[in-house]
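# Examination of the molecular architecture
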Amino acid sequence: MTAADAPAGRQLVYTLAITEGVRQALQEEPLAFMAGEDVAGAGSVFGIYRGLLAEFGPDRVIDTPISESGIIGLAVGAGATGLKPIVDIMFMDFIGECMDEIVNQLAKMRYMFGGKATLPVTVLTMSGAGMNLAAQHSQSLEAWLCHTPGLKVVMPATAYDVKGAIITAAREPNPVFVVMCKGLMALPGDVPEEPYTLPIGKANVIREGDGLTIVAHGRMIHEATKAADILAGEGVSAEVIDPLWLQPLDTDTIINSVAKTHNALVVHEAVRFGGVGAEIAAQIAELAFDSLDAPVGRVAAPFSPVPFSPVLEQTYVPNAERIADEARRILGVG
Amino acid sequence: MARASVFDNQEKRAIVRRTIVGALASGVREFRYMPDTHGITAAAAEEFAGEANFVAVDSVRTASALDTIRAAEALQAEGCGAVVTLGGDGTNRAFALGWPDAPLVPVSTGTNNVFPTMVEATVAGAAAGLVATGQAPLEAVAGQVKAVHVEIEGERDDVALIDAVLAADRFVGSRAIWGGDRLREAVLTRAEPSAVGITSIGGLLAPLTPDEDTALRLSLGPGEGGVSVLAPIAPGLYEPIAVRSHGRIALGEPVHVTGPGVLAFDGERERVLKAGQAATLRVARDGPRVIDVRATLEYAACKGLYRDDEPPDGS
Amino acid sequence: MASSQASEPSAEVLKDLHYRMVRIRHFEEEAGKLMEQGKSPGALHLYIGEEAVASGVMVHLTDNDQITSTHRGHGHLVAKGGDFKKMYAELFGRETGYNKGRGGSMHISNVDAGMLGANGIVAAGPPIAVGAAFSNKYLARIEGRDRMDVAVPFFGDGATNEGAFHEAANMAAIWKLPVVFICENNGYGEFTPQAEHQAISDVADRAAGYGMPGVICDGMDAVAVWEAAGEAIERARTGGGPTLVECKTYRFVDHVGLRGIGLHYRTDEELEEWRARDPIPQHEQRMIEMGVMTAEEIQAVHDAVMADITESIEFAENSPLPDPADLLNDVYTPTAAS
């Protein structure tokens, strides 16, 4: 099932879709538990896990100490010994605290052990700028994760996708990072009541077009769609693709689109240098060079920490206008 | 096994520092000390380097009792007038192996010690200082304690300050005494009903103070005419202990025991006796001369040793 | 402190402790030679000298109990019943190794027997063991069992300076998880003496900071370790929560390999003093005196272990190497969906 197939009907905001995803994952799997900082009594600082403690009790919804290494270590050890951990790293910025557990333990244990360990671990974390939370609570660090063999990374940017991503991750026998977008917490969308999954490694074609392919992920899919609206008014037909899964990446959908549109623009909120967009651009150059009418363009954050002051933060985060500008430059119009 | 210390190195350094302050107040200007791997005493000494001379004596660093034994020998050779020990029963026992009749202020670093006492280091240092400088005569303020001398066939001698016990164990293992049903023979220098350990068994049957010039022998295990005593043989552990017989023995009177078994001294399993191997236990009043901190400072008050005017009794 | 254990180690336990120690010693000596002869690739961190610790702990554990290990991990796997064939094959990078040649010395593991891997990252084990202990408690609850499986992380004095150790110890204590933290304090973090890398003398002192018992035992005496670990493991099994057990031990060889890299960070006198306390001859002498084993029986144990080793090395050398075409296998668990 994809968003396009979802029966129009019940609407949930992004945060409540997260709650429902975790609730249904815990309902369907008695070996699943959720742990993290203030996820139980407080229902998370973002309110995304409210009610879970009351429903599942303190044996399954667990407040941890402020110990990110310990939390991922808990997931590794519990996952390797038969449970299905769902753990929360409150702000994605905090993965710096637990990168050893993520990179050297969680991601590698199966491979290092010759395939004799299974790590069915779901990590939920909130990314992104836009709330004036400054340099240590606003980052988009998904590239760090995508660079690590052994991890799967999904970055859902709609209410439908976030619930589906959580249930998909919880059913996966591999470590999956569900990178959520705090800037989208109030975003409503159609969300079916029953549990559903997303096809792993399958991109969403959000909007079809034939003049330019815009590949955007996370919160930027909404800016890219707005940019496509602007461009449509100028007679440019842009196709907008959300890879959704950054690891594994749906290269086929992107390449097929570029073969059709002959132009490509990659957009994300993370810093431009070494971002996931660089990988996407490289793959387009490798696999669709003959289709391209112009070099692949990229719109992303500058090489700077996320600034605090609202005026600076607004400058830092890409938006529809900048995406449209870059599209015009690639196309040589305006 | 040993419990982790409740006094970490930071606290030990503070205790050493307070001891030095007390000793300086009593006029001590020459200090000798046992070095330790973490430089606890050295760091405290450094702070007072301008006020007195501090010298570390030779020792070894084996993380075992040997370090303390060697240091005790060296401190005796240096002619120290008084020694402050910081530790538990085991530390003082090791010290007594190196310097049997040392003039000692034993400061306890734990709650479950019989030999050293909980005393504030500042006044412990002051009392040691008064004795070391000759202001308070050792004979007036210290009493020599009894010790159990242990001769083991074919091996080095050993010593216990409170109690020596033969248990039907085979291993030193994690050291702590366990299983009251395996105790066989005990010789006590003191039998204190309020203490924890083997000494309490005697204490609850026939108390014996450190001052009395006799020792107590217990024959343990079930037997004709025996009695069972509910005694706290370890912290948090009351066990019924079967005592076949008990009685006072004279100082110097030998008690012969034979292996197999384990000899435990002052609550810790220390030596393995092989089958047929003999050991002799004998109590004598030739142990450390323990300085009574209260008596020493009362003496100082009486003599006005810390006053800047004439002593009250005019002497 | 009194023990909750009913008795001293039986003759069977004494023989078992000995067997595990002898297996480790010979495995390691031969592994070190193979490395220095250039026959096995990579680097080996050998456990020689510390055998009493792994053996004294492992006698209390079943295959359902988990351990996490260190970069010095062969001894832990041997003591947990590791098969020499699969171990040497792993050191040789063969497909028949425990990890199919994907891990080598520093990641050698046997998940089926609860050995959750040697680990190249210092202090990585304790958080993983806490996770395993969380599973043990969770599964005991839903299966209605009173006694829990226990997770035992092994780590060194140096590891207790890592934040991961602290986070794990704290979590184990607040949740009263069935974990027994075994610190193998061999006096050195690589080449740096303990006094230079931490301001405490006894690692067990750290236990107080987590609200768990901390105990110290002689890590050169298998019976001492057996006693101390046994009490802590039984307490953990029955819901009494974690314990930090510090075993004072010593590494007879260098940080890496048998000959090492020629740094003189330990004196000859110090080495001699500790070698005089070699846990294996000490234990053998004791068993002979107690009449548990004769010298001939002890020699027969050594001979049998050596014969197993010879056969296992031959097996490993003749085992197939991994197929380079399989390089990408096992990065992920295959799923129907992907």
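Everything numeric here is computed off the predicted structure, so don't read it as measured data. (Residues numbered from 1 in each chain as written. Chains lettered and ligands numbered in written order. Predicted model: local features only at pLDDT ≥ 70, side-chain atom pairs only at ≥ 80, totals over all residues.)

## Quick word on the overall build of chain B
Helix and strand content of chain B: eight helices and 18 strands. Its C-alpha radius of gyration of 20 Å places chain B within 12% of the 20 Å reference for a compact globule of 315 residues. Projected onto its principal axes, the C-alpha coordinates of chain B cover approximately 70 × 45 × 35 Å. When each of the 315 residues of chain B is scored for burial, the buried share is 47%. (Helix = DSSP H or I, 4+ residues; strand = E, 2+ residues; numbered from the N terminus. Rg over C-alpha atoms; globule rule 2.2 N^0.38 Å. Buried ≥ 20, exposed ≤ 12 C-beta atoms within 10 Å, placed from the backbone.)

## Focus: the sheet that holds strand 12 (residues 245-247) of chain A
All names here are of chain A. Reading across from one edge, 3-2-4-5-7-6-12 is the order of the seven strands in this open sheet, with mixed pairing throughout. In this open sheet, the two edge strands, each paired with only one partner strand, are strand 3 (61-63) and strand 12. Across the sheet, the mean angle separating the axes of adjacent strands is 20 degrees when strand polarity is ignored. The pairing of strand 5 (residues 122-127) with strand 7 (residues 176-181) spans six bridges and is parallel. (Pairing = 2+ DSSP bridges. Axes fitted to C-alpha atoms, helices over the stretch in contact; angles between N-to-C directions.)

## Notes on the sheet that holds strand 17 (residues 278-284) of chain B
Residues and elements named next belong to chain B. Taking strand neighbours across the sheet as the criterion, the four strands line up as 8-7-17-14 in an open arrangement whose pairing is antiparallel. Two strands close off the open sheet at either side, each with one partner strand: strand 8 (158-160) and strand 14 (255-258). Averaged over all neighbouring strand pairs, the angle between strand axes comes to 25 degrees, with direction disregarded. Here strand 7 (residues 147-152) pairs with strand 8 via three bridges, running antiparallel. Across the sheet, residue Val150 finds its bridge partner in strand 8, namely Asp158.

## Points about the interface of chain C and chain A
In this assembly, 39 residues from chain C lie in contact with 40 residues from chain A. Of all the elements in the fold, those that place two or more residues in the side of chain C that touches chain A are helix 5 (125-143) and helix 6 (163-174) of chain C. With 12 residues, helix 5 of chain C is the single largest residue contributor to the side of chain C that touches chain A. When its residues are assigned to classes, the side of chain C that touches chain A shows 20 nonpolar, 14 polar and five charged. (Contact = placed C-beta atoms within 7 Å. Nonpolar A, V, L, I, M, F, W, Y, C, P; charged D, E, K, R; others polar.)

## What to know about the packing of helix 4 (residues 84-91) of chain C against helix 12 (residues 295-317) of chain C
Residue and element names in this part refer to chain C. Between helix 4 and helix 12, the least distance of the axes is 8 Å, while the angle of their chain directions is 45 degrees. Overall, the two elements helix 4 and helix 12 adopt an arrangement that is oblique. The chirality of how helix 4 crosses helix 12 is right-handed. Contacts between helix 4 and helix 12 pair Phe84, Lys85, Tyr88 and Ala89 from the former with Asp308, Ile309, Ser312, Ile313, Phe315 and Ala316 from the latter. (Parallel < 35°, antiparallel > 145°, perpendicular 65-115°, else oblique. Left-handed = near helix turned anticlockwise from the far one by under 90°.)

## Concerning the arrangement of the chains
With two pairs of chains in contact overall, the greatest share of contacts is found between chains A and C. Contact between chain A and chain B is absent, and the minimum C-alpha spacing across the pair is 25 Å.

## A word on the domain arrangement of chain B
All names here are of chain B. When the domains of chain B are assigned, the result is domain 1 (9-145 + 287-303) and domain 2 (147-284). Between the C-alpha centres of domain 1 and domain 2 there is a distance of 28 Å. Looking at side-chain class alone, the side of domain 1 that touches domain 2 contains five nonpolar, four polar and two charged residues. (Domains from an automatic or database assignment.)

## Considerations on helix 9 (residues 251-261) of chain A
Residues and elements named next belong to chain A. Those residues of helix 9 that sit buried are Thr253, Ile254, Ser257, Val258 and Thr261. Within helix 9, the buried residues cover an arc of 130 degrees as seen down the axis, which keeps them to one side. On its buried face, helix 9 sits against strand 9 (204-207), strand 10 (212-216), strand 11 (238-242), strand 13 (264-271) and helix 10 (276-287). Immediately downstream of helix 9, the backbone of His262 shows phi near 70 degrees, a positive value. (Arc of directions from axis to C-beta.)

## Examining the packing of helix 1 (residues 14-28) of chain A against helix 7 (residues 159-171) of chain A
Geometry of a packed helix pair, given as the angle between the helix axes and the separation of the axes. All names here are of chain A. Interaxial distance between helix 1 and helix 7 falls to 8 Å at its minimum, and their mutual angle equals 20 degrees. As far as their axial angle goes, helix 7 and helix 1 are roughly parallel. For the element pair helix 1 and helix 7, the recorded crossing hand is right-handed. Residues Tyr14, Ala17, Ile18, Glu20, Gly21, Val22, Gln24 and Ala25 of helix 1 touch helix 7, and the partners they reach there are Ala159, Val162, Lys163, Ile166, Ile167 and Ala170. When its residues are assigned to classes, the contact of helix 1 with helix 7 shows 10 nonpolar, two polar and two charged.

## Some remarks on the environment of Ile166 of chain A
Residue and element names in this part refer to chain A. Structurally, Ile166 is set in helix 7. Residue Ile166 is classed as buried on the basis of its C-beta count, with 30 C-beta atoms lying within 10 Å. Distance from Ile166 to Glu101, taken between C-alpha atoms, is 21 Å for residues 65 residues apart in sequence.

## Thoughts on helix 3 (residues 68-80) of chain A
Residues and elements named next belong to chain A. Compared with an ideal rise of 1.5 Å per residue, which puts 13 residues at 18 Å, helix 3 spans 18 Å between its outermost C-alpha atoms and is within 8% of the ideal. For helix 3, a buried count of 13 out of 13 residues is recorded, marking the element as mostly surrounded by other parts of the structure. Immediately downstream of helix 3, the backbone of Gly82 shows phi near 115 degrees, a positive value. (Expected span 1.5 Å × (residues − 1).)

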